[in-house]
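Residue-level structural notes
Chain by chain, the residues run as shown.
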Amino acid sequence: MRSLRTGSTPASRVTRVLTGALTGFALLGGLLLSAPAAHAADEPLRDLADAKGKVIGTAVTGSKLTGTYGEIAAREFNALTPGNAMKWASVEPARGSFDWAEADRIVDFAEANGQQVRGHTLVWHSQNPDWLTNGTWTAAELRRLMTDHIATEVGRYRGRLATWDVVNEPFNEDGTYRQTLWYNGLGADYIAEALTAARAADPSAKLYINDYNVEGVNAKSTALYNLVRDLKARGVPIDGVGLQAHLILGQVPSTLQQNIQRFADLGVDVAITELDIRIDLPADSAELAQQAAEYRQVVNACVAVDRCAGVTVWGFTDSDSWIPDTFPGQGAATPYDENYAPKPAYHAIAEALGGTTTPPTDACTATYSVVNQWNTGFTGQVRIACDGAALSSWKVGWSYGAGQQITQAWNATCNQSGATVTCSNASYNGTVPDGGSVTFGFNGTWSGSNPVPVVTLG
Ligand code: XIL
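The rules we used
Residues numbered from 1 in each chain as written. Predicted model: local features only at pLDDT ≥ 70, side-chain atom pairs only at ≥ 80, totals over all residues. Heavy atoms only, no water. Helix = DSSP H or I, 4+ residues; strand = E, 2+ residues; numbered from the N terminus. Expected span 1.5 Å × (residues − 1). Buried < 20%, exposed > 50% of the residue type's maximum accessible area, 1.4 Å probe, protein only. Contact = heavy atoms within 4.5 Å. Core = buried A, V, L, I, M, F, W, Y, C linked by side-chain atoms within 4.5 Å.

1. Here's the deal with helix H9 (residues 190-201)
The end-to-end C-alpha distance of H9 is 16 Å, a good match for the 16 Å that 12 residues give at a rise of 1.5 Å each. Residues Tyr190, Ile191, Ala192, Ala194, Leu195, Ala197, Ala198 and Ala201 constitute the buried set of H9. Summarising the contacts, the buried residues of H9 are in contact with strand E4 (116-123), helix H7 (139-156), strand E5 (163-168), helix H8 (181-186), strand E6 (206-211) and helix H10 (219-234).

2. Remarks on the nonpolar core
One recurring pattern in soluble globular proteins: nonpolar side chains tend to sit buried together. Trp164 and Leu275 are the most contacted members of the largest nonpolar core, which totals 95 residues. Among the elements that take part in this core, H9 stands out by supplying eight residues, more than any other. Sequence-distant contacts of leucine 275, that is, excluding residues within four places in its chain, are made with Gln244, Ala245, Leu247, Tyr295, Val298, Val311, Thr312, Val313 and Trp314. The next biggest cluster of nonpolar side chains, apart from the first, holds 27 residues, and it includes Ile406, Cys423, Val432 and Trp446.

3. Things to note about unusual backbone geometry
Residues histidine 120 and threonine 121 are joined by a peptide bond in cis, for which omega reads -5°. The residue threonine 121 is located in strand E4 in this model. The linkage connecting leucine 281 with the following residue, proline 282, adopts the cis geometry, with an omega of -5°. Within the element layout of this structure, proline 282 appears in the loop between strand E9 (269-280) and helix H12 (285-304). Despite not being glycine, asparagine 213 shows a phi value in the positive range, around 55°. Along the chain, asparagine 213 falls in the loop between E6 and H10.

Set out below in structure tokens:
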């Protein structure tokens, strides 16, 4: 059962109101809170993808899988990839000393929510433990280290993972093999040996080779193509290729679908495994619209090819994206903003998966999120953002469905009566400029569950 899902009710619902609407706040609140409109736009991405037989996945950080982050991960995605938790340095930081805590947490969460898991990744040149990288090994020792690692990690999750990225990033841009610990020590056949070891450790997992800059037809993807063709001819177990798709705004390759198709025609599956589309910061609304069009283009290309298994985004929120750290000055690369509000890219993915969305006719929105949660307490946040209008004062209201009680608020004055909470601006933050936003926060208590309420901006 998907115990963390809340039916089709979005946990971070954005309630839109016409700026300046004069409807009495209490009446408006009462009506909207008791009967949130259910329309096609509310259908979670995973339900749309399931109907098409496709994967819509996200990379996740295990320690964050609570509160709003956990609710969105569970509600919107039918597959999870550990962003770092299954890499060698994470699972065996010291030789013979294993730490499976975060990887287990992600796999348990996925199973509780009816999600697939993509194991990532077994044999790579990066994020290896120092003891491995700095050691001096004979070929026989290195081979044994690699196959033991695969047997241990794949064996641990035998039967529970849908897919493994067995080998990650084996090629240079010109299509030659990357000079890595593995290639230098074992030759190019380390790839076949790794795949064979993975198959032995879990015969039911689909085994992939995964790389970046192989989305379009180019020297690197052609080298990958030739490798897969040769592996298949030799009878080496290879089930699919992963196209990472860490893309730059304006640079979706025009040959993406053609490239997916040529791999499919070799008799392997294809997956978009790490999609993000980065933008020079700050991103403006035109760039976010272009980004949406490009997300749509990528998902469309996968939907168009039967053997394209699906699309995984490399983090679903800008607050959990690797881009700002790795590419300074760039970001805004994922489908949700840092406050868990869906961006145009989210709606584009939904539409590419066959959903329909109603274009917003309004200008100011309020978004509620749980930013932290512990045994009996939590910290919440509401963000009021305007695009196309401005506010000089604001009021926000909601009704708690599970007995939550606010104990303290900041940057707003909040009152709770029974389940009904109303918050109004502090003297210094009533103004929300066009294109700007304000936030306020609060602490509260909860027990049993802490669902996100429908918020009304009045
Ligand atoms: C990235 C993670 O997202 C970061 O948190 C980490 O610091 C570096 O690795 N290609 C891959 C992923 O296959 O494993 C990388 O993930 C991003 C590029």
